[in-house]
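# Fold and contact review
One letter stands for each residue in the lines below.
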Amino acid sequence: NRALDTKGNVYVSDTGAFRVQVYDAKGNFVRSVGEMGDGLGQFARVKGIAVDRQNRLYAADAMSQVIQIFDDEGKLLTWFGEPGSDNKIQNLPAKEALDYDDVSFFERYASPKFKVEHLVIVINQIGPHKVSVYGF
């Protein structure tokens, strides 16, 4: 999987290297995000990635069942999912998509005090929740 940021950088999920590789528009290596492992900031099976308008990286790890969010320098900001739970909402997450156009359809499900900036749509490979939608 790959994604572009607002600066023209290309993000590539590299499952075999357990990280996301970042290249500039000319193909020069900029940095990598993550390392091998099953903790926060690490990947065991990095799959789908997406980059939002503020250049935050969203990366799904199919092994740990979480989506991790990194800033534009590769620093871990937060994560969501249910690692180790028998009642998983994410089940082998494989792809995320960011949606800015359909926020109004989902805002009513969020707290009135919460301003939804965009939607994070997570596609899972198996389980009862094939598609999960989150407000960011």
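Higher on the page you've got the structure.
This section reports on the structure supplied with the text. (Residues numbered from 1 in each chain as written. Predicted model: local features only at pLDDT ≥ 70, side-chain atom pairs only at ≥ 80, totals over all residues. Heavy atoms only, no water.)

A few words on the sheet that holds strand 11 (residues 131-135). Read from one edge of the open sheet, three strands run 9-10-11, paired in antiparallel fashion. With partners counted over all chains shown, the strands left at the sheet margins are strand 9 (93-99) and strand 11, one partner each. For this sheet, the mean angle separating the axes of adjacent strands, direction not counted, is 20 degrees. Two elements, strand 9 and strand 10 (residues 119-124), share six bridges in a ladder whose sense is antiparallel. Of the residues in strand 10, the one forming a bridge with A97 is I121. (Pairing = 2+ DSSP bridges. Helix = DSSP H or I, 4+ residues; strand = E, 2+ residues; numbered from the N terminus. Axes fitted to C-alpha atoms, helices over the stretch in contact; angles between N-to-C directions.)

Generally speaking, nonpolar side chains in soluble globular proteins are found buried as a group. Core analysis: the biggest nonpolar cluster contains twelve residues, these being A3, Y11, V20, V22, V33, F43, V46, I49, V51, L57, A59 and F70. Breaking this core down by element, the ones donating at least two residues are strand 3 (19-23), strand 5 (46-51) and strand 6 (57-61). With three residues, strand 5 is the single largest residue contributor to this core. With residues near it in sequence (within four places) discarded, V46 still touches S13, D14, T15, F18, R19, V20, A59, A60 and D61. Judged by nonpolar contacts, the second largest core, of eight residues, contains A50, A60, I67 and V120. (Core = buried A, V, L, I, M, F, W, Y, C linked by side-chain atoms within 4.5 Å. Buried < 20%, exposed > 50% of the residue type's maximum accessible area, 1.4 Å probe, protein only. Contact = heavy atoms within 4.5 Å.)

A few words now on the side chain of D61. Looking at the element boundaries, D61 is found in strand 6. There is a polar contact of 2.9 Å between the side chain of D61 and the backbone nitrogen of R45. A distance of 3.0 Å separates a polar side-chain atom of D61 from the backbone nitrogen of M63. With sequence-adjacent residues up to four places away left out, D61 is seen in contact with Q42, F43, A44, R45, V46, V66 and P93. (Polar contact = N/O pair within 3.5 Å; in protein donor to acceptor, adjacent residues only side chain to side chain.)

Before going further, it helps to spend a moment on the pattern of salt bridges. It is possible for side chains bearing opposite charge to pair when their charged atoms get close. This model, assessed by the stated rule, comprises four salt bridges. Across the pair D72 and K7 runs a salt bridge, and its minimum N-O distance is 3.5 Å. With D72 in the loop between strand 7 (66-70) and strand 8 (76-81) and K7 in the loop between strand 1 (2-4) and strand 2 (10-14), this residue pair connects regions lying 65 residues apart in the sequence. D72 gets classed as partly exposed once you look at its relative accessible area, which sits at 25%. For R56, the salt bridge goes to E117, with nearest N and O atoms at 2.8 Å. Here E117 lies in the loop between helix 1 (103-106) and strand 10 and R56 lies in the loop between strand 5 and strand 6, a separation of 61 residues in the sequence. A relative accessible area of 16% means that R56 is categorised as buried. Three or more residues joined by partner-sharing salt bridges are found here, namely D52, R56 and E117. (Salt bridge = Lys/Arg side-chain N within 4 Å of Asp/Glu carboxyl O.)

As a further point, take the environment of Y134. Locating Y134 in the fold gives a position in strand 11. For Y134, a relative accessible area of 23% corresponds to the partly exposed category. The spatial distance from the C-alpha of Y134 to the C-alpha of F106 is 8.8 Å, given a sequence separation of 28 residues. Setting aside chain neighbours within four positions, we find Y134 in contact with F80, I89, Q90, H118, L119, V120 and V122.

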